Amino acid sequence: AYAHWSVAKLGVRRQAIWHAPLVLLPLLLLPISVPAGWAPPTDGKPAVWLLGLLAVALGLPFFVLSSSAPLLQRWFASTGHPSGKDPYFLYAASNTGSMLALLSYPFLMEPALPLNLQTRVWAAGYGALALGTLACAWVAVRGRGNQPATESPGETVAAVSGVGTPGGETVAGSGAAPVSTAEPEALGVSAARRLRWVALAFVPSVFMIAVTTHLSTDIAAIPLLWVLPLAIYLLTFILVFSSGKSFPLVGATRLLAVVLILSVLVLLKDDDSLPRWVVLAAPLLGLFMVSLKCHARLANDRPPPSHLTEFYLWMSVGGVLGGAFAALLAPVAFNNLLEYPLAIVLACFLMPRLSEKAADPKRERLILGAIPTVFMLATVGLILGIQNWLPFAGRMVALTVVLGFCTLLVTRPLRFGLGVASVIIGATIATGQAAVLYADRTFFGVQQVIVDGGRFHRLMHGTTLHGIQNREPDQRLEPLSYYHRESPVGQVMAELAVAGAPRIGAVGLGTGSLACYARPDQEWTFFEIDPAMERIARDPELFTFLSDCPGEHEVVLGDARLSLQEVPDSQYGVLVVDAFNSDSIPVHLITREAMQLYLDKLAPGGVITIHISNRYLDLRPVLGNLAEELGLWAIHGSHPVSAEQKFAGKSHSDWVVLSRNLADLGALADDPRWTALDGEPGARVWTDDFSDIFSVFRWRTG
């Protein structure tokens, strides 16, 4: 908005003079740092707080950088350079830089440099960029700053820059070159065209965030998996804006329809019949095709340079509305990941119309009214009918048949979108939600309590299990999943906690399974960041560990490190840290500073027990290095489970126990089920200033 309005009010030359000191202003605030005194709220809704923190810590340099991208292009267009007639190729360059930064940070920057040095390197880079921007401003001021390249009323965009029509489409089936109907300069940009720009930017933005959440929550909790969707999103901008020519669209439209159908099919599956690579690839391919199609239509509809900043303004409005919907509104409005199927349906509606035949309005209304009913009933009927004689693959066969009929509607986007939406709704009705006893969604993700076999309640966070309870009356107080009595933490509790620790601290609540180990005279404190977890653990219709187990159980809401700082020293005989069985591991809970905090709160003779079960990360070297750095004793325990134990609700788990002295470990020190945990020679200790996820990544998982 600043880039657009400042150029419109001041003109290029005066705007460049105005912008120059603004570019230098962030240098006074560098290097970047988090202001002191900012603590996240404990109500589990930190989104607004987080945006405020980012605005204060990063706002000014972010503002200057984001506004400089369109301004540099607008300045360049005013210089009289031949390429200035179509400066949009510079947008491909800026997105190339973004993608290179995205991919290089976790692979190169983070493993090589501590955080304080990263901020200084970034500050130096910003200084170099500021000098380059000032040089560009000088050229813009000395160039044709008051004589921007414009078009006469009769001149078309195609003649100037070779771009396409406002709709960005070629005549269906003709193979002809795009024909421009660019608006005369004096008339400006129409409201309909602005709305089209917003919509074409909105859908890929929603789709990218929805796919990221869907993959990392429902498919595979792989660390840094979010890098792939964002890289694909940026790549499509690079592809469509790299050339001054119109990007071809018609040939890709039917392929887009097929990819969207495949995405729906994978989304609606209810078993593991499809290979994992298909389940991962389908949403990413769908994101690529949807983003490519929408961004290509934007690129083909780019206006003359005199409207460049307005074009980017409305693109940004669409992008930020999509981001706000998927990241801020959806977690509040939905208790599941509904934004992903919504994004697929919106993408169907935005597909170009392939049929040039005019439809009779009355007949079209009848067809549009019939489509939801027909496809919904057909979906429900086929799924229920085919599953009776083909129980294992019946659902997939039924969905394949009905989605195949959806492809017949592809020439008309409204019909196609209604058909796909009806299939999704019909499949949901046919499946039902009988197994889901409870569902909630917060800033931290989607939690579901699932009834399994009529007697087990399972707490799921996406694909990650957070606890199980057997609801049979005589089994309710028996800890299961990672916490059963034969597990490493069960051994710790039997050997150390029962031995006499009056106070037990636990970082992470889950279902409250650990409370089963409490004695009547013990005080247990659970530190939990997500208030939804406490609601679930205290609801007797879901789990009864906290209500039925002996002892006192206090739950402290908020970030554990901040909460623990308020606890008096030497309080806990056992401190359990249980927050590492998903993709987004809280790194700040296993740094040198965090470990020192735990030691401060640990009573003499106490132990720290850390749960490190993870499908994709091996955290043993991290804790071994910390133990060696701080002079601690460390042992590792792992308990695989048999098929019979798994059926009974028990899970494999890995735990590490740390103590100040060998004697504090008791009999565990000589137990063959536990092994000494050593540091990794030459490896750097993780601190609040340094961590390296890739160094502990399991490149092969069982």
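Below is a summary of the structure that appears in this document. Keep in mind it's a predicted model, so treat the numbers as computed, not measured.

Remarks on the overall build of the chain
What the chain contains, in helices and strands, is 21 helices and twelve strands. Counting every position in the chain, which comprises 702 residues, the buried fraction comes to 51%. Restricting the contact set of the chain to residue pairs at least 6 apart, pairs at least 24 apart contribute 76%. Summed over its atoms, the accessible surface of the chain is roughly 31100 Å², and 64% of this surface lies on carbon and sulfur atoms.

Focus on the pattern of salt bridges
Across all of its chains, the model carries 18 salt bridges by this definition. Between Arg535 and Asp440 there is a salt bridge; the shortest N-O distance is 2.9 Å. On the criterion of sequence distance, the pair formed by Arg535 in helix H16 (residues 531-538) and Asp440 in strand E1 (residues 436-442) is long-range, its members being 95 residues apart. When the shortest N-O distance is used, the salt bridge between Arg458 and Asp452 registers 2.6 Å. What makes Arg458 buried here is its relative accessible area of 18%. Judged by relative accessible area, which is 30%, Asp452 ranks as partly exposed. Through salt bridges that share partners, Arg193, Arg196 and Asp301 make up one connected network.

Quick notes on the packing of helix H6 (residues 191-219) against helix H7 (residues 227-241)
Running from N to C, H6 and H7 cross one another at 160 degrees; their axes reach a closest spacing of 9 Å. One element, H6, and the other, H7, form an angle in the roughly antiparallel class. Taken as a pair, H6 and H7 cross one another with a handedness that is right-handed. When H6 is examined against H7, the residues Pro204, Ser205, Met208, Val211, Thr212 and Leu215 are found in contact with a partner set consisting of Pro229, Leu230 and Tyr233. Of the residues belonging to the contact of H6 with H7, the class tally is seven nonpolar, two polar and no charged.

Description of H16
Buried residues dominate H16, accounting for six of its eight residues. Residues of H16 that are buried include every one of Pro531, Ala532, Met533, Glu534, Ile536 and Ala537, and no others. For H16, the N-terminal capping position is held by Asp530, with its side-chain oxygen 3.1 Å away from the main-chain nitrogen of Ala532.

Notes on the sheet that holds strand E10 (residues 633-639)
Taken together, the eight strands give an open sheet; going across it, the order is E7-E6-E5-E8-E9-E11-E10-E12, and neighbouring strands pair in mixed fashion. Each end of this open sheet is capped by a strand with a single partner; those strands are strand E7 (552-557) and strand E12 (674-676). Pairwise comparison of adjacent strand axes, ignoring direction, gives a mean angle of 20 degrees for this sheet. Bridge analysis of E10 against strand E11 (residues 653-659) gives seven bridges, and the strand direction is antiparallel. When the sheet's bridge partners are listed, Trp633 is paired in E11 with Ser659. Strands in contact with H16 are strand E6 (523-528) and E7; relative to E7, the strand with the most contacts, it is inclined by about 155 degrees. Contacting strand E8 (572-577), strand E9 (602-611) and E11, helix H19 (residues 592-601) runs over the sheet at an angle of about 140 degrees to E9.

Some points on the pairing of E9
The buried count for E9 comes to eight of ten residues, which makes it a mostly enclosed element. Taken together, the five bridges between E8 and E9 define a ladder with parallel strand orientation. Paired with Val576 across the bridge in E9 is Thr609. With five bridges connecting them, E9 and E11 associate as antiparallel partners. Bridging across to E11, Ile608 finds its partner in Leu658.

Regarding the nonpolar core
Counting 126 residues, the largest nonpolar core has Phe207, Leu260, Phe416 and Val420 as the members making the most contacts within it. Looking at this core element by element, the count peaks at 13 residues for helix H9 (residues 276-300). With residues up to four places along the chain from it excluded, the contact list for Phe207 reads Leu260, Pro283, Gly286, Leu287, Val290, Tyr340, Ala343, Ile344 and Ala347. By size, the runner-up hydrophobic cluster in this structure holds 42 residues, among which are Leu480, Val492, Tyr517 and Ile635.

Things to note about the sheet that holds strand E2 (residues 445-452)
Pairing is antiparallel in the open sheet, where four strands are placed in the order E1-E2-E3-E4. The open sheet has two edge strands, E1 and strand E4 (464-470), and neither has a second partner. Strand-to-strand, the axes of this sheet are offset by a mean angle of 15 degrees, without reference to chain direction. As defined by bridge partners, E2 adjoins strand E3 (residues 456-461) across six bridges and the pair is classed as antiparallel. Of the residues in E3, the one forming a bridge with Val449 is Leu459.

A few points about a nonpolar patch on the surface
Among the surface-exposed residues, Leu50, Leu51, Leu54, Leu328 and Phe443 lie close enough to one another that they form a single nonpolar patch of about 420 Å² accessible area. The biggest single contributor to the nonpolar patch is helix H2 (residues 47-77), with three residues. Examined against the element boundaries, Phe443 turns out to sit in the loop between E1 and E2. Residue Phe443 is classed as partly exposed on the basis of its relative accessible area, which comes to 41%.

Details of the packing of helix H13 (residues 394-406) against helix H14 (residues 413-431)
A packed helix pair is summarised by two numbers, namely the angle formed by the two axes and the spacing between the axes. At a closest axis distance of 9 Å, the pairing of H13 and H14 adopts a crossing angle of 160 degrees. The angle between the axes of H13 and H14 places the two elements in the roughly antiparallel class. When the axes of H13 and H14 are compared, the crossing they make is right-handed. Facing H13, whose interface residues are Arg395, Leu399, Val402, Leu403 and Cys406, H14 presents Phe416, Gly419, Val420, Val423, Ala427 and Thr431.

A closer look at the packing of aromatic side chains
In the structure shown here, the tally under the stated rule is 23 aromatic pairs. A ring pair is formed by Phe207 and Tyr340, whose centres lie 6.0 Å apart and whose planes are at 75 degrees; its orientation type is edge-to-face. Here Phe207, found in helix H6, pairs with Tyr340, found in helix H11 (residues 339-349); they are 133 residues apart in sequence, far enough to count as distant. Among the residues examined, Phe207 registers a relative accessible area of 0% and is labelled buried. According to the relative accessible area criterion, Tyr340 is buried, its value standing at 1%. Members of the aromatic cluster, joined through ring pairs, are Tyr88, Tyr91, Trp197, Tyr233, Phe237, Phe241, Phe311 and Tyr312. The lysine or arginine in question, Arg684, covers the ring of Phe690, its NZ or CZ lying 3.9 Å from the ring centre.

Some thoughts on the environment of Leu630
Mapped onto the elements of the fold, Leu630 is located in helix H20 (residues 620-630). Given a relative accessible area of 23%, Leu630 falls into the partly exposed group. In sequence terms Leu630 and Met595 are 35 residues apart; their C-alpha atoms lie 8.6 Å from each other.

Some thoughts on the pairing of E8
Burial of E8 is extensive: six of the six residues sit out of reach of the surface. Note: strand E5 (residues 503-507) against E8, four bridges, orientation parallel. Looking at the pairing, Ile504 lines up with Val574 of E8.

The rules behind each value
- Within each chain, residues carry numbers counting from 1 in the order of the written sequence.
- Local features in a predicted model are, by the rule used here, given only for residues with pLDDT of at least 70; side-chain atom pairs are given and counted only at 80 or more, and totals for whole chains, interfaces and linings are based on all residues.
- Each side-chain value is derived from all of the structure's non-hydrogen atoms; neither hydrogens nor water enter the calculation.
- Under the scheme used here, helices are H or I runs from DSSP no shorter than 4 residues and strands are E runs no shorter than 2 residues, and both carry numbers assigned from the N terminus.
- Per-residue accessibility, obtained with a 1.4 Å probe over protein chains only, is compared with the maximum for each type, and a residue is labelled buried under 20%, exposed over 50%, and partly exposed between these values.
- By definition in these notes, contact holds between two residues if any of their heavy atoms fall within 4.5 Å.
- Throughout, the Shrake-Rupley method with a 1.4 Å probe supplies accessible areas, and for residues the shown protein chains are the sole cover considered.
- Each reported salt bridge corresponds to a side-chain nitrogen of Lys or Arg within 4 Å of a carboxyl oxygen of Asp or Glu.
- Under this scheme, a helix contributes an axis fitted over its contacting stretch, all axes are lines through C-alpha atoms, and angles between N-to-C directions fall in the 0 to 180 degree range.
- Each angle receives one of four descriptions, namely roughly parallel if under 35 degrees, roughly antiparallel if over 145, roughly perpendicular if within 65 to 115, and oblique otherwise.
- Throughout, a crossing is termed right-handed when the near helix is turned clockwise from the far one, and left-handed when it is turned anticlockwise from it by less than a right angle.
- Classes in brief: Ala, Val, Leu, Ile, Met, Phe, Trp, Tyr, Cys and Pro nonpolar; Asp, Glu, Lys and Arg charged; the others, Gly included, polar.
- Identification of polar contacts relies on pairs of N or O atoms within 3.5 Å, with a donor-acceptor requirement for protein atoms, meaning one able to donate a hydrogen and the other able to accept it, and with residues adjacent in sequence counted only if both atoms are side-chain atoms.
- At least two bridges found by DSSP between two strands is the condition for calling them paired.
- Only buried residues count toward a nonpolar core. Its members are Ala, Val, Leu, Ile, Met, Phe, Trp, Tyr and Cys residues joined through side-chain atoms within 4.5 Å.
- For patch building, the residue pool is restricted to those with more than 30% relative accessible area and no salt bridge; the joining distance is 9 Å between like charges and 5 Å between nonpolar side chains (Val, Leu, Ile, Met, Phe, Trp, Tyr).
- The criterion for an aromatic pair is that two Phe, Tyr or Trp rings (for Trp, the six-membered ring) have centres within 6.5 Å, with stacked assigned to planes under 30 degrees apart, edge-to-face to planes over 60 apart and tilted to the rest.
- In this scheme, Lys NZ or Arg CZ marks a charge over a ring once it lies within 6 Å of the ring centre and within 35 degrees of the ring normal.

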